[in-house]
Amino acid sequence: MYVVQYPTRTGMVSVSPKSRVATQTCQYAVVTTQYTLLPARLELATMSKWKGQYDSGRKYLDIWEKEFPWLTKAKGGTESAFCKVCQKILQPRKTTIKLHGDAKEHKVRVGAVSSVRNLFERGGPSRIQTPTDSLKKAELQLAVVVCCHSSIATIDHLSEVIKNNSAGSKLENMRLHRTKCSMLISNVISPSLEEELRKKVNEAKKYCLMVDESTDVSSEKHLCVCVRYYDDAAADVVTAFLGLVSVCDTSGEALFNATKALLDKNGIALENCIGYSSDGANNMTGENNSLWSRIKQVSPNCMKMGCSCHSLALCVQKGFDTLPSSLGFMLHEIPKWFRKSTLRREKYKLLFETMNTGEERDGTPLPFLSLSTTRWLVRGKVIYNILVNWLELKTYFDCAMMEGSHDVRYKARILWDMMRDECNYLYFVFSSPIVTEFERVNSLFQSTNATPSRLLYELDAHFKSLRQRVYNAEGQLLPLEKVDFGVKFMVECKRVQSKGNAEHERVLAVQKRCQSMLIELVDQVKLRLPEKRSLFDGLCKLSPSTILTHLNRPAFKDMPFFHLMEDKLEVCEEQYRKILYHPWVDAFKCDLPDDPVKFWSFVKKYEVENHKPYEELANYALQCLTTPVSNAVLERIFSHVTAVKTKTRNRMNLKMLEAILRVRTTLIVSGKCCKNLEITGDMLEKFSVDMYDHARDPASLEGNDVLDDLY
């Protein structure tokens, strides 16, 4: 027979085994026989075995759910408890459950979800009320405003201010903080907008793909994908942000797999892609082993369009490289001198005001603008700003060379010597109008509303005017004295030559370098833009003035992209014959629009006795007009990435970054403000406790402001 001996203050007390469960004051127990003590190892083994058998016999009690509404029975046929808020399995012991309920982390999570939906699955005596749809809409709109204009951490304080000043209104019941706001943006608003985009692209059937890659502040490389399609509801061609993909390998195969996975995720068939646009990198547009070559295998009729803005910027860069390297040094170092020094800027402003006392020079731009490799329209402005401040800069660096600190005098002397050199001044006078004109044409291709006919005219005019400066009508190179360098440049050349014979030889050398720049620019434009010329030539045939003219009207066989007509070729041809004789002026009840998209949108919806006589031809024309001419939209999206994911928010994960970009770009494309975003029924349906499924992963939330950690 076994006896359990418990130590007490008065001595050892022997208790039968049956009563050991009822004893609560014991600190430890020693199992013995009536006369002999068992070994210590046997004592512990016996106790451990008994405790394991006792714990395994515990059962989950449903009555606990009345006291702990966040509790439920674990799945899988076990008797364990499960916390629905923390997604954690607990032992079926009330003391363990209570300790978990008192934990600080658990209380924070319960507070975040308690205002969303009733957490009871079986009911209880104190049910939590579900928020009304009006309160949900208010919280969704507030989340959109924060998403577009500030860090998500600001909602912690903003919501409390609104709540404290909203007594008697629906907003007094609002409970919106950073966790809930993050979930609304990433798991409610963004998925709803993504699903809406998916439906529109599939309704349009045909679309164009625009792809580019860039690296953010945390050195993470992203592949940005946009789709361009005709939106029937908006009656316009829309370029929409599809998604952002994190990539490590930038080979053609890896980029294709990432793009294909994103399209499959959104239910968009790659076979329906009719156009592809990207920069000129080999992994993007190469003919053999690139992203484009693999898309071509899946969609044989897809057309490749390089980015015209990239091409024009590269033309300027290649042409500028033919000039002396001292010019590039000045373009980088002069703005860099003033970039981070307020004292230097103020000294230059004071010198500028001293040298220009009248109002004649008011409004002259100062030479503080810096070059940027990702901004296509900056080089010309930097050249012009330095040129118009030439005399003031030369005087400033003369003073800085004598009065500056020891570590900057050498650079100031180099810049001063360059500013004194008349040849450098002549190069700036010559290159400034040329680069400015290239950037003016480049800005037209970045416009979202420019018509193909205008782009073709500007491209043709720019190339021909550039070519006739160095070539005659027969295509022969002009002699140096007949080259069109520009009037101002020639006036400055004569001024410098008048100083002596030595300067005369130097000016001739400058003119030869300028001639080589013109030749290089002509060659680069001819090399990089031939396919753009034929592309715009085809799109111009779809303009209203060309389609509805009786003079020099293009034949139907000369129309672009025949493969888009598919099996409706004969129908489109017949409609093309008849559309010329339709009284469209009476149908429009006003002048015909110059914009081909507006014209064909009207033609598509035009009805005669419940019949749309030109619907097939209009569908074909609108699909042709989805052709992208540049990747300017992608560059603007990467600018948003730089603005959103900053040094203090560099822990933001891809899902949150993509959600913020989708909300912002959707508002920009639709022309709406953040406060005017339509809250759809799908958003209200997703606004539930299910949106917190991923909230337990810290990477799914926007990182806290790093500055908070300093205090």
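The structure displayed is predicted, hence computed values, not measured ones.

What counts, and where the lines are drawn
Residues numbered from 1 in each chain as written. Predicted model: local features only at pLDDT ≥ 70, side-chain atom pairs only at ≥ 80, totals over all residues. Heavy atoms only, no water. Patch = residues over 30% accessible without salt bridge, like charges linked within 9 Å, V, L, I, M, F, W, Y side chains within 5 Å. Areas by Shrake-Rupley, 256 points an atom, 1.4 Å probe, with all protein chains shown as cover. Salt bridge = Lys/Arg side-chain N within 4 Å of Asp/Glu carboxyl O. Lys, Arg positive; Asp, Glu negative; His and termini not counted. Charge placed at Lys NZ, Arg CZ, Asp CG, Glu CD. Buried < 20%, exposed > 50% of the residue type's maximum accessible area, 1.4 Å probe, protein only. Axes fitted to C-alpha atoms, helices over the stretch in contact; angles between N-to-C directions. Helix = DSSP H or I, 4+ residues; strand = E, 2+ residues; numbered from the N terminus. Parallel < 35°, antiparallel > 145°, perpendicular 65-115°, else oblique. Left-handed = near helix turned anticlockwise from the far one by under 90°. Contact = heavy atoms within 4.5 Å. Nonpolar A, V, L, I, M, F, W, Y, C, P; charged D, E, K, R; others polar. Phe/Tyr/Trp six-rings, centres within 6.5 Å; stacked < 30°, edge-to-face > 60°. Lys NZ or Arg CZ within 6 Å of the ring centre and 35° of its normal. Pairing = 2+ DSSP bridges. Polar contact = N/O pair within 3.5 Å; in protein donor to acceptor, adjacent residues only side chain to side chain.

**Student:** Hey, could you run me through a positive patch on the surface in this one?
**Tutor:** A cluster of like positive charges, contributed by Lys-336, Arg-339, Lys-340 and Lys-647, occupies part of the molecular surface. For Lys-647, a relative accessible area of 69% gives the class exposed.

**Student:** Looking at this structure, how should I read the packing of helix α25 (residues 596-605) against helix α26 (residues 615-624)?
**Tutor:** How two helices pack is summed up by the angle between their axes together with the distance between the axes. Orientation of α25 relative to α26, taken along the N-to-C sense of each, is 150°, at an axis distance of 8 Å. Considering the angle they form, α25 stands roughly antiparallel to α26. The element α25 and its partner α26 pack so that their crossing is left-handed. Contacts between α25 and α26 involve Val-597, Trp-600, Ser-601, Val-603 and Lys-604 from the first element and Glu-615, Leu-617, Ala-618, Asn-619, Ala-621 and Leu-622 from the second. Among the residues forming the contact of α25 with α26, the class breakdown is 7 nonpolar, 2 polar and 2 charged.

**Student:** Please explain the pattern of salt bridges as it appears in this structure.
**Tutor:** Where charged atoms of side chains with opposite charge meet at close range, the side chains can pair. Overall, the coordinates contain 31 salt bridges when judged by the stated rule. A salt bridge links Glu-139 to Lys-180, with the nearest nitrogen and oxygen atoms 3.0 Å apart. Of the two residues, Glu-139 is situated in helix α5 (residues 133-149) and Lys-180 in helix α7 (residues 178-204); the sequence distance between them amounts to 41 residues. Accessibility expressed as a relative area gives 1% for Glu-139, which makes it buried. Note that Glu-437 is salt-bridged to Arg-440, the shortest N-O span being 2.9 Å. You can see Glu-437 and its partner Arg-440 sitting in helix α17 (residues 422-446), 3 residues apart, about one turn around the helix. Owing to a relative accessible area of 30%, Glu-437 belongs among the partly exposed residues under this scheme. Taking relative accessible area as the criterion, Arg-440 reaches 33% and is therefore assigned partly exposed. Each of Glu-194, Lys-265, Glu-658 and Arg-662 takes part in salt bridges that share partners, so that together they form one network.

**Student:** Please clarify how the packing of aromatic side chains should be interpreted in this entry.
**Tutor:** Within a pair of aromatic rings, the relevant descriptors are the distance that separates the centres and the angle that separates the planes. Taken as a whole, this structure holds 28 aromatic pairs when the rule is applied. Taking the centre distance of 5.8 Å and the plane angle of 20° together, the rings of Tyr-276 and Trp-292 count as stacked. Pair noted here: Tyr-276 is in strand β10 (residues 273-278) and Trp-292 is in helix α10 (residues 291-298), with a separation of 16 residues, a long-range link. With respect to class, Tyr-276 is no different from Trp-292; both count as buried. Ring centres of Tyr-348 and Phe-352 lie 6.4 Å apart, and the angle between their planes is 35°; this geometry places the pair in the tilted category. Taken together, the residues span about one helical turn, with Tyr-348 and Phe-352 both in helix α13 (residues 342-355) at a distance of 4 residues. Just as Tyr-348 is buried, Phe-352 falls in that class too. Seen from the ring of Phe-320, Arg-379 lies directly overhead, with NZ or CZ sitting 5.1 Å from the centre.

**Student:** Mind showing me how you'd approach the sheet that holds strand β4 (residues 71-73) here?
**Tutor:** By way of backbone hydrogen bonds, the strands of a sheet pair with one another, either parallel or antiparallel. Ordered by their spatial adjacency, 3 strands build an open sheet running β4-β5-β6, and the pairing between neighbours is antiparallel. Each having just a single partner strand, β4 and β6 (88-90) make up the two edges of the open sheet. Adjacent strand axes in the sheet meet at a mean angle of 35° when their direction is disregarded. Both strand β5 (residues 81-83) and β6 contribute to a ladder of 3 bridges, which runs antiparallel. Residue Ala-81 lies in a different strand from β6, and its bridge partner there is Leu-90.

**Student:** I tried to follow the sheet that holds β10 on my own but got confused; where do I start?
**Tutor:** One open sheet accounts for 5 strands, arranged β9-β8-β7-β10-β11; its pairing is mixed. In the strand order of this sheet, the two ends are held by β9 (236-246) and β11 (303-306), each with one partner. For this sheet, the mean angle separating the axes of adjacent strands, direction not counted, is 25°. Sheet analysis places strand β7 (residues 207-215) next to β10, joined by 4 bridges and oriented parallel. Bridge pairing in β10 links Tyr-207 to Cys-273.

**Student:** Would you explain the side chain of Ser-431 in this entry?
**Tutor:** Position of Ser-431 among the secondary structure elements: in helix α17. Of the residues examined, Ser-431 reaches a relative accessible area of 1% and is grouped as buried. Looking at Ser-431, its side chain comes within polar contact range of the main-chain oxygen of Tyr-427, at 2.9 Å. If we ignore the near neighbours within four places in the chain, the residues touching Ser-431 are Phe-320, Leu-323, Ile-383 and Met-517.

**Student:** I tried to follow unusual backbone geometry on my own but got confused; where do I start?
**Tutor:** Across residues other than glycine, the phi torsion is negative in most instances, and most of the peptide bonds are trans. Not every positive phi belongs to a glycine, and Gln-87 is a case in point at roughly 55°. Tracing the backbone through its elements, the reader meets Gln-87 in the loop between β5 and β6. With a relative accessible area of 46%, Gln-87 lands in the partly exposed category. Despite not being glycine, Ser-219 shows a phi value in the positive range, around 60°. You can see Ser-219 is positioned in the loop between β7 and β8 (221-231). Classification of Ser-219 as exposed rests on a relative accessible area of 64%.

**Student:** Can you walk me through the environment of Leu-661 in this structure?
**Tutor:** Residue placement: Leu-661 occurs in helix α28 (residues 654-670). Judged by its relative accessible area of 0%, Leu-661 falls in the buried class. The sequence separation of Leu-661 and Gly-243 amounts to 418 residues, and the corresponding C-alpha distance is 8.7 Å. Setting aside its immediate chain neighbours within four residues, Leu-661 contacts Phe-241, Leu-244, Ile-637, His-640 and Val-641.

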